Amino acid sequence: QVQVVESGGGLVQPGGSLRLSCAASGSFFRFYTAGWYRQAPGKQRELVATITSGLSTNYADSVKGRFTISRDNAKNTVYLQMNTLKPEDTAVYYCKLSRGEDYWGQGTQVTVSS
């Protein structure tokens, strides 16, 4: 069983930045595809960004040019650097690791408000 724990959320003003972290247990982290998803109140969970074991990345159109996903396999950690945040980025952000099975974290709240 892989444990996934997100951190780094909080309250930030529009135009500000945050960096989310996703730490995972286990010895095979480097083989997993990792993804960040978000769910705003009353909306479905949506893809934000993914990064494969080969470091290929994919982004939702709404965050392209503002968010960057990266990973540090030595630390079993995936990051999401979020810049130029907008109120519509407000959501609970979840990390998912995939390799046959999916492993989700419990999420971290990001609130963008003045």
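Thresholds applied
- Residues numbered from 1 in each chain as written.
- Predicted model: local features only at pLDDT ≥ 70, side-chain atom pairs only at ≥ 80, totals over all residues.
- Heavy atoms only, no water.
- Helix = DSSP H or I, 4+ residues; strand = E, 2+ residues; numbered from the N terminus.
- Buried < 20%, exposed > 50% of the residue type's maximum accessible area, 1.4 Å probe, protein only.
- Contact = heavy atoms within 4.5 Å.
- Core = buried A, V, L, I, M, F, W, Y, C linked by side-chain atoms within 4.5 Å.
- Pairing = 2+ DSSP bridges.
- Axes fitted to C-alpha atoms, helices over the stretch in contact; angles between N-to-C directions.

On to the environment of V5, then. You can see V5 is positioned in strand β1 (residues 4-7). What makes V5 exposed here is its relative accessible area of 52%. Sequence separation between V5 and D89 is 84 residues, and the spatial gap between their C-alpha atoms is 20 Å. With residues near it in sequence (within four places) discarded, V5 still touches S21, C22 and A23.

Here is a general trend for soluble globular proteins: nonpolar side chains tend to be buried in one another's company. With 30 residues, the main nonpolar core has W36, L80, M82 and Y93 as its most contacted residues. Elements with a contribution of two residues or more to this core: β3 (18-24), β4 (33-39), β5 (46-51), β7 (67-72), β8 (77-82), β9 (91-99) and β11 (108-112). Beyond its immediate sequence surroundings of up to four residues, Y93 is in contact with E6, L20, W36, Y37, R38, V48, F67, L80, M82, G107, T108 and V110.

Glancing now at the environment of T50. Here T50 is to be found in strand β5. Between the alpha carbons of T50 and T68 there is a distance of 9.7 Å; along the sequence they are 18 residues apart.

Ordered by their spatial adjacency, four strands build an open sheet running β1-β3-β8-β7, and the pairing between neighbours is antiparallel. Of all strands in the sheet, those bounded by a partner on one side alone are β1 and β7. Here the strands of the sheet are splayed against their neighbours by 15° on average, with no regard to which way each runs. Judged from the six bridges that link them, β7 and β8 form a sheet pairing that is antiparallel. Counted as the bridge partner of I69 is L80 from β8.

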